[in-house]
Amino acid sequence: MAFPSVYEMFVEDLTTVRKQHFWEYFSGATLNSRWTTASGSVAIQDVVGGGMRQTTGSSIYDKASITFGSVRQFSPTANVFITVCKADNDNSSTNVGLGNATSGDLRNVSNDNVSVDITSTNTYIRLSSVLSGSSSNLTDSTIPVDAEWHTHKIISTSSDLKLYVDGVLNTTKTSDRPALKLMPSTFTLTLNGSTATTDVRYMECYNT
């Protein structure tokens, strides 16, 4: 069936105003211009299913991140975020999700954010959230940290945050939930003074 527009693929009632919705396949020769590289380096990988790779420098605690610059389009209490990603499992701390900081730092306690946290020194993948001015709050899932591709889905509501890993609800938390408008971000930190990488091949976010 052919549709006259992308909008009409998702709604039948054309009097309804569709809420903010974006998706990114990280394909093509270069990173889409809507993204801002806040630190480190970013390249689209020329391999099947490779997606985007961001790479830190080689000094301890060097960072790499991309954001939407200062375009914060997503509600902190009514959104769904989905990503397919994997992290360097040797020497990195990786966060992929929604944040408020132009630096893309999804662990910065000065800015609201919510993300999936994949840190090589931890046992499990974690759900991370920050309410500006409070400490970072991390909740373990039951999924061990590894260097494989996983699909992560975070649902933010006015009462809680839920993390799904590979389609299964795994973690729910109610503390330190963001209160400010958010934008898609990815963040990588090297922990031992060699380069660290994060690969992302899909991202989607929409207000609910």
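A few points on the structure.

Reading the values: rules and limits
Residues numbered from 1 in each chain as written. Predicted model: local features only at pLDDT ≥ 70, side-chain atom pairs only at ≥ 80, totals over all residues. Heavy atoms only, no water. Helix = DSSP H or I, 4+ residues; strand = E, 2+ residues; numbered from the N terminus. Buried < 20%, exposed > 50% of the residue type's maximum accessible area, 1.4 Å probe, protein only. Areas by Shrake-Rupley, 256 points an atom, 1.4 Å probe, with all protein chains shown as cover. Core = buried A, V, L, I, M, F, W, Y, C linked by side-chain atoms within 4.5 Å. Contact = heavy atoms within 4.5 Å. Pairing = 2+ DSSP bridges. Axes fitted to C-alpha atoms, helices over the stretch in contact; angles between N-to-C directions. Phe/Tyr/Trp six-rings, centres within 6.5 Å; stacked < 30°, edge-to-face > 60°. Lys NZ or Arg CZ within 6 Å of the ring centre and 35° of its normal. Salt bridge = Lys/Arg side-chain N within 4 Å of Asp/Glu carboxyl O.

1. Notes on the overall build of the protein chain
Thinking step 1. What the protein chain contains, in helices and strands, is one helix and 15 strands.
Thinking step 2. Judged by the C-alpha coordinates and their principal axes, the protein chain covers about 55 × 40 × 30 Å.
Thinking step 3. Among the 208 residues that make up the protein chain, the fraction classed as buried is 47%.
Thinking step 4. About 9,500 Å² of surface is accessible on the protein chain, with carbon and sulfur atoms providing 51% of the total.

2. Overview of the nonpolar core
Thinking step 1. By size, the foremost hydrophobic cluster in this structure holds 28 residues, and its most contacted members are Phe26 and Met203.
Thinking step 2. Breaking this core down by element, the ones donating at least two residues are strand S6 (79-87), strand S7 (92-99), strand S8 (113-119), strand S9 (124-130), strand S12 (161-165) and strand S15 (197-207).
Thinking step 3. Phe26 has contacts with Leu31, Trp35, Ile44, Gly51, Met52, Ile66, Val200, Arg201, Tyr202 and Met203, leaving out every residue within four places of it along the chain.
Thinking step 4. One finds Val80, Val84, Ile155 and Tyr202 within the second-largest nonpolar core, a separate group that totals five residues.

3. Focus: the environment of Gln73
Thinking step 1. Structurally, the position occupied by Gln73 is in the loop between strand S5 (63-67) and S6.
Thinking step 2. Take Gln73: its relative accessible area is 25%, and that puts it in the partly exposed class.
Thinking step 3. Each C-alpha atom of the pair Gln73 and Thr197 lies 27 Å from the other, and the pair is 124 residues apart in sequence.
Thinking step 4. For Gln73, the residues in contact, after removing those within four places along its chain, are Gln20, Phe68, Lys181, Leu182 and Asn207.

4. With respect to the sheet that holds S8
Thinking step 1. Ordered in space as S2-S5-S14-S7-S8-S9-S10, the seven strands form an open sheet in which the pairing is antiparallel. Every other strand in the sheet has two partners, leaving strand S2 (36-39) and strand S10 (137-144) as the edge strands with one partner each. Strand-to-strand twist of the sheet, defined as the mean angle between neighbouring strand axes without regard to direction, takes the value 20°.
Thinking step 2. Summarising the sheet, S5 and strand S14 (residues 183-190) pair through four bridges and their orientation is antiparallel. Following the sheet pairing, Lys63 is matched in S14 by Leu189.

5. Here's the deal with the packing of aromatic side chains
Thinking step 1. A full pass over the atoms with the stated rule returns six aromatic pairs.
Thinking step 2. Arranged with centres 5.0 Å apart and planes meeting at 55°, the rings of Tyr25 and Tyr202 form a pair that is tilted. In this pair, Tyr25 sits in the loop between strand S1 (21-24) and S2 while Tyr202 sits in strand S15, placing the two residues 177 residues apart along the sequence.
Thinking step 3. Overall, the relative accessible area of 17% leaves Tyr202 in the buried class.
Thinking step 4. A connected cluster of aromatic rings, assembled from ring pairs, spans Phe22, Phe26, Trp35, Phe68 and Phe74.
Thinking step 5. The ring of Tyr164 has Lys153 sitting right over it, with the charged end atom 5.7 Å from the ring centre.
Thinking step 6. Sitting over the face of the ring of Trp149, Arg201 holds its NZ or CZ atom 4.1 Å from the ring centroid.

6. A word on the pattern of salt bridges
Thinking step 1. With the rule as written, the count across this model stands at six salt bridges.
Thinking step 2. Lys63 is the salt-bridge partner of Asp105, the closest N and O atoms lying 3.6 Å from each other. With a gap of 42 residues between them, Asp105 in the loop between S7 and S8 and Lys63 in strand S5 connect regions that are remote in the sequence.
Thinking step 3. Given a relative accessible area of 13%, Asp105 falls into the buried group.
Thinking step 4. Judged by relative accessible area, Lys63 falls into the partly exposed class, the value being 40%.
Thinking step 5. Among the ionic pairs, Asp160 bridges to Lys162, the shortest N-O distance being 2.8 Å.
Thinking step 6. In this structure Lys162 comes out as partly exposed when scored by relative accessible area, which is 22%.
Thinking step 7. Residues joined by salt bridges that share partners form a network here, namely Arg107, Asp117 and Arg126.

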